[in-house]
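Here are the chains, one letter per residue:
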Amino acid sequence: MISRYISGRDPASGRSLRIGVEDGEIRSLDSGPADESAWLSPGFIDLQVNGYGGWDLNADTVDADVVSALARKLLATGVTTFLPTIITASEEQIVKALRAVARARQTDSLVAHAVPFVHVEGPHISAEDGARGAHPREHVRPPDLPEFERWQAASGNLVGMVTVSPHWENAAEYISALAAKGIVVAIGHTHATPAQIHQAADAGARLSTHLGNGVSGQLPRHPNLIWAQLADDRLTATFIADGHHLPADTLKVMLRAKGVERSILISDAVAPAGMAPGTYHTSIGGRVELRADGRLSMMDTGFLAGAGRPLKDGIAQAAGSHVCTLGDAIRMATENPGRFVGNRGVLRPGARADLVRFTLDAEEGGMRILSVMIEGVEWPA
Ligand SMILES: [Zn+2]
């Protein structure tokens with residue numbers, strides 16, 4: 001018994017599809033109406049969300065209600081799975097944010113569906129300017145396995161991804177210990193040498209966090225840590241495709257070097273993302289300015305302070321600036337990140353019915369979301 005059908009064009013093939021849904025799962029896939037104009041894809045999967053629509057996971061006021069409100073704001077942008085991302089902070093603050101997410105998963109079924117685990121970005125990153133990005137220097141510290149165990153104890157093992165810089169002396173040991181527990185380890189915010197990059201992959205690191213950002217503005221032309229990460233096929237790279245973090249030429253060439261199959265688009269959105277242009281105070285970067293084109297920067301230094309646009313805008317930006325096809329952009333925002341969160345993000349019988357219908361629309365940041373379904377339930381329910 002199939003309780004409902006949804007149709008739309010497949011961004012990869014351009015063909016019209018009709019998907020049958022029952023009990024929260026995709027049950028059938030066949031041809032849809034020939035005159036279908038909307039696109040239909042798996043719900044978007046964002047491995048890096050610090051906040052959105054005014055809700056801030058890294059503020060000291062974070063609680064379960066913030067996580068619930070954030071999940072709803074993101075769902076309206078087509079994101080059906082996301083990793084709440086907690087940046088470099090005191091251990092007390094990291095634990096507080098972890099507990100807020102854990103509580104939201106217990107009390108809110110939408111959060112339980114949308115959040116498989118948490119991404120802790122830091123605090124074992126580079127303290128150097130440029131590489132550190134907008135992370136607070138005073139809380140940068142070396143890898144500490146007992147601290148990781150305390151995060152897990154406080155949150156019911158909710159940390160599933162950690163971004164670390166491999167320049168630390170004990171980085172390889174830390175990475176292999178986490179990888180052995182099934183934690184996804186990413187390389188990021190680093191000034192590591194190419195040798196240290198490859199040693200991190202030897203130890204079990206599988207991702208590069210926002211490759212090309214969170215790195216010194218002055219690098220030797222070669223060798224350097226960007227080439228090393230592009231060349232190492234054990235590493236899948238995430239990229240911020242908001243049009244500000246990476247110039248279109250750079251992103252295009254990085255995608256060709258990495259291959260679409262080893263590339264992922266993320267938003268790296270922070271609390272002011274999705275808000276009206278203006279100045280805001282945030283936990284990441286302090287006083288920041290959000291421009292109408294989505295560029296978000298720190299008022300004092302002009303450095304980027306996270307991203308001001310949702311993942312849907314990044315998909316449209318990449319496809320619209322001819323960096324890649326729409327089909328490839330969708331794959332990099334669904335199936336590819338889905339491999340790191342329990343194989344979500346695919347259209348096949350038996351998969352979760354997390355689906356989004358959309359059209360491309362310049363007035364809506366590049367993409368207009370028509371409807372979103374999460375585990376077979378149309379949202380808002
Ligand atoms: Zn970052």
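Structure first, text after, so check above.
Residues numbered from 1 in each chain as written. Predicted model: local features only at pLDDT ≥ 70, side-chain atom pairs only at ≥ 80, totals over all residues. Heavy atoms only, no water.

J.: What's the story with the environment of Asp65 in this structure? I'm lost.
T.: Looking at the element boundaries, Asp65 is found in helix α1 (residues 64–75). Between the C-alpha atom of Asp65 and that of Glu147, which follows or precedes it by 82 residues, the distance is 26 Å. (Helix = DSSP H or I, 4+ residues; strand = E, 2+ residues; numbered from the N terminus.)

J.: Please explain the side chain of Asp313 as it appears in this structure.
T.: With respect to the secondary-structure elements, Asp313 resides in helix α9 (residues 311–320). Beyond its immediate sequence surroundings of up to four residues, Asp313 is in contact with Glu364 and Gly365. (Contact = heavy atoms within 4.5 Å.)

J.: How should the sheet that holds strand β13 (residues 236–240) be read in this particular structure?
T.: What holds strands together in a sheet is hydrogen bonding between their backbones, with the strands either parallel or antiparallel. Reading across the sheet, the eight strands line up as β5-β8-β9-β10-β11-β12-β13-β14 and stay open at both edges, with parallel pairing between neighbours. At either margin of the open sheet sits one strand with a lone partner, and together these are β5 (44–49) and β14 (263–266). In the sheet, strand β8 (residues 79–87) pairs with strand β9 (residues 118–121) via three bridges, with the strands oriented parallel. Across the sheet, residue Ile87 finds its bridge partner in β9, namely Glu121. (Pairing = 2+ DSSP bridges.)

J.: What is the right way to look at the sheet that holds strand β16 (residues 286–290) in this model?
T.: The three strands are arranged β15-β16-β17 in an open sheet whose pairing can be described as antiparallel. Each end of this open sheet is capped by a strand with a single partner; those strands are β15 (278–282) and β17 (296–298). Strand-to-strand twist across the sheet, computed as the mean angle between neighbouring axes with direction ignored, equals 35°. Here three bridges tie β16 to β17, and the two strands are oriented antiparallel to one another. Residue pairing for β17: Leu290 is matched across the bridge by Leu296. (Axes fitted to C-alpha atoms, helices over the stretch in contact; angles between N-to-C directions.)

J.: What should I look at first to understand the pattern of salt bridges in this one?
T.: Between side chains of opposite charge, pairing is possible as soon as their charged atoms come close. For the structure shown, the criterion picks out 22 salt bridges. Among the salt bridges present, the one from Arg18 reaches Asp30, with a minimum N-O distance of 3.2 Å. Placement of the pair is Arg18 in strand β2 (residues 16–22) and Asp30 in strand β3 (residues 25–31), with a sequence separation of 12 residues. Residue classification places Arg18 among the partly exposed positions, given a relative accessible area of 31%. (Salt bridge = Lys/Arg side-chain N within 4 Å of Asp/Glu carboxyl O. Buried < 20%, exposed > 50% of the residue type's maximum accessible area, 1.4 Å probe, protein only.)

J.: What am I meant to see in the coordination of the zinc ion here?
T.: Ideal geometry at a metal centre: 109.5 degrees between donors when four sit tetrahedrally, and 90 or 180 degrees when six sit octahedrally. Within the protein, Glu121 (OE), His189 (NE2) and His210 (NE2) serve as the donor atoms for the zinc ion, at 2.1 Å. Counting the intervening residues between successive donors of the zinc ion yields the motif E-x67-H-x20-H. Here His189 lies in the loop between β11 (184–187) and α6 (194–203) and Glu121 lies in strand β9, a separation of 68 residues in the sequence. Summarising the burial analysis for this pair, Glu121 and His189 share the class buried. (Donors = N, O, S within 2.8 Å, 3.2 Å for Na, K, Ca; no water.)

J.: Help me understand unusual backbone geometry, please; the structure alone is not making it clear to me.
T.: That bond from Gly122 to Pro123 is cis: its omega, -5°, falls within 30 degrees of zero. Relative to the helices and strands, Pro123 resides in the loop between β9 and α4 (145–155). Here the bond from His222 into Pro223 is cis, since omega is -5°, no more than 30 degrees from zero. The backbone phi angle of Asn343 is positive, close to 60°, even though this residue is not glycine. By relative accessible area, Asn343 is classed as exposed at 52%.

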